[in-house]
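Take a look at the letters that make up each chain.
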Amino acid sequence: MPERTNRAHAIIVMGVSGSGKSSIGEKLAEALSLRFIEGDQLHPASNVEKMSKGIPLTDADRMPWLDLIGEAMKAALAKGDGVIVSCSALKRIYRERLRVAAGGNLFFVYLEGSKELLSERMGHRSGHFMPTSLLESQLETLEVPTGEPGVVTVDIDDTIEDIAEEARKKLAPLGVA
Ligand SMILES: Nc1ncnc2c1ncn2[C@@H]1O[C@H](COP(=O)(O)OP(=O)(O)OP(=O)(O)O)[C@@H](O)[C@H]1O
Ligand SMILES: O=C(O)[C@H](O)[C@@H](O)[C@H](O)[C@H](O)CO
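Residues numbered from 1 in each chain as written. Chains lettered and ligands numbered in written order. Predicted model: local features only at pLDDT ≥ 70, side-chain atom pairs only at ≥ 80, totals over all residues. Heavy atoms only, no water.

- Per an unreviewed UniProt entry, the chain is named Gluconokinase, and its organism is Rhizobium mongolense USDA 1844.
- Per UniProt, the chain has the following entry under Catalytic activity (unreviewed entry): "D-gluconate + ATP = 6-phospho-D-gluconate + ADP + H(+)".
- Under the heading Sequence similarities (unreviewed entry), UniProt records this for the chain: "Belongs to the gluconokinase GntK/GntV family." (UniProt positions renumbered as here; feature names shortened; annotations may be inferred.)

Written out as structure tokens, the structure reads:
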């Protein structure tokens, strides 16, 4: 379990594509006055190219990307800064790798929603490299993090503002405020 202290924390807003990681991550960062890092921007170009073509990423594709996210969190924490990152973090091994990178000082906000709602939200956005056809593989790959240390779960069937507020309320008892 991450320690309850006043020091800076790293938070990952996680979930499958279309769950709202970027939208909620930005809002939560604003509410907690923390820097927000868009994890998608750290993907190697080869990963973006694959996803654009509708090809799911493999563990081997994701590892270098997770390591870049880990380094970004580590650098922020080393400066004493808290940080929020959007990252799908679909499997437990990915989350463990990220926890190690953050020196155990890492919380996850898991955005949970139905396939129908996720598909609707992905379908509504334009100009994004991730096709809705990849949602199926995202859901198959997801290992739900509920019950792991430092994880809070929020339902995405709400407004962006209310979801971010719910996440903030659930993080507060864990010492993140
Ligand atoms: N609570 C919400 N209510 C209405 N629309 C939402 C909500 N959350 C996100 N959206 C919209 O749904 C789409 C997906 O959201 P967003 O890009 O934040 O998700 P994401 O998890 O970061 O996706 P990806 O991982 O594929 O980049 C966007 O068009 C966003 O504006
Ligand atoms: O782990 C993955 O398969 C990827 O990270 C995806 O989740 C995308 O980055 C994102 O969802 C697209 O916008």
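1. A look at the overall build of the chain
At step 1: Each helix and strand in the chain was counted, giving seven helices and five strands.
At step 2: The order of α-helices and β-strands along the chain, N terminus first, is β-α-β-α-α-β-α-β-α-α-β-α.
At step 3: Referenced to the eigenvectors of the C-alpha coordinate spread, the extents of the chain come out at roughly 45 × 35 × 30 Å.
At step 4: Among the 177 residues that make up the chain, the fraction classed as buried is 47%.
At step 5: Intrachain contacts of the chain at a sequence separation of at least 6 include 76% that bridge at least 24 residues.
At step 6: In the structure as shown, the chain presents an accessible area of about 8,500 Å², 50% of it carried by carbon and sulfur atoms.
At step 7: One finds the centroid of the 21 positive side-chain charges in the chain at a distance of 5 Å from the centroid of its 26 negative side-chain charges. (Helix = DSSP H or I, 4+ residues; strand = E, 2+ residues; numbered from the N terminus. Buried < 20%, exposed > 50% of the residue type's maximum accessible area, 1.4 Å probe, protein only. Contact = heavy atoms within 4.5 Å. Areas by Shrake-Rupley, 256 points an atom, 1.4 Å probe, with all protein chains shown as cover. Lys, Arg positive; Asp, Glu negative; His and termini not counted. Charge placed at Lys NZ, Arg CZ, Asp CG, Glu CD.)

2. So, the environment of P145
At step 1: Its place among the elements puts P145 in the loop between α6 (135-141) and β5 (151-155).
At step 2: On the basis of relative accessibility, which here comes to 0%, the residue P145 falls in the buried class.
At step 3: The spacing of P145 and T58 is 87 residues in sequence and 19 Å in space, taken between C-alpha atoms.
At step 4: In this structure P145 touches M14, R95, Y110 and V151, once residues within four positions along its chain are discounted.

3. Description of the site of ligand 2
At step 1: In the region of ligand 2, 13 residues are neighbours, and D40, R62, S88, H128 and Q138 sit closest.
At step 2: At 2.9 Å, a side-chain N or O of H43 approaches an oxygen atom of ligand 2.
At step 3: Between ligand 2 and H128 there is a distance of 3.4 Å, counted from an oxygen atom to a side-chain nitrogen or oxygen.
At step 4: About the coverage of ligand 2: the protein hides 98% of its 330 Å² of free accessible area.
At step 5: Cavity membership is defined here by more than half of the atoms lying within 2 Å of grid points; on that basis ligand 2 lies in the largest pocket. (Near = heavy atom within 4 Å. Polar contact = N/O pair within 3.5 Å; in protein donor to acceptor, adjacent residues only side chain to side chain. 1 Å grid on protein atoms, 1.4 Å probe; cavity = no way out; pocket = protein on both sides within 12 Å on 5 of 7 lines; lining within 4 Å. Sits in = over half its atoms within 2 Å of the grid points.)

4. Examining the site of ligand 1
At step 1: In the neighbourhood of ligand 1, 16 residues make up the surrounding shell, with S17, K21, S22, S23 and R125 lying closest.
At step 2: Take S17: an N or O atom from its side chain is 2.5 Å from an oxygen atom of ligand 1.
At step 3: At a separation of 2.6 Å, an oxygen atom of ligand 1 approaches a polar side-chain atom of R125.
At step 4: Surface burial for ligand 1 is 78%, taken as the share of its 620 Å² of free accessible area covered by protein chains.
At step 5: In terms of residues, the shell around ligand 1 owes the most to one element, helix α1 (residues 21-32), which gives three residues.
At step 6: Taken together, the residues that form the shell around ligand 1 break down as three nonpolar, eight polar and five charged. (Nonpolar A, V, L, I, M, F, W, Y, C, P; charged D, E, K, R; others polar.)

5. Side note on the pattern of salt bridges
Where side chains of opposite charge bring their charged atoms close, a pairing between them can arise.
At step 1: Here the structure, examined in full by the defined rule, presents 13 salt bridges.
At step 2: With a closest N to O distance of 2.6 Å, D61 and K50 form a salt bridge. You can see D61 sitting in helix α3 (residues 59-78) and its partner K50 sitting in helix α2 (residues 45-52), a full 11 residues away along the chain.
At step 3: Its relative accessible area of 17% is what places D61 among the buried residues. (Salt bridge = Lys/Arg side-chain N within 4 Å of Asp/Glu carboxyl O.)

6. Some details on the nonpolar core
At step 1: Ranked by size, the top nonpolar core spans 54 residues in total, and within it I12, M73, L98 and V109 carry the most contacts.
At step 2: Among the elements that line this core, the one with the most residues is α3, at eight residues.
At step 3: Those residues in contact with I12, other than ones at most four positions away along the chain, are I69, M73, V85, C87, L98, L106, F107, F108 and V109. (Core = buried A, V, L, I, M, F, W, Y, C linked by side-chain atoms within 4.5 Å.)

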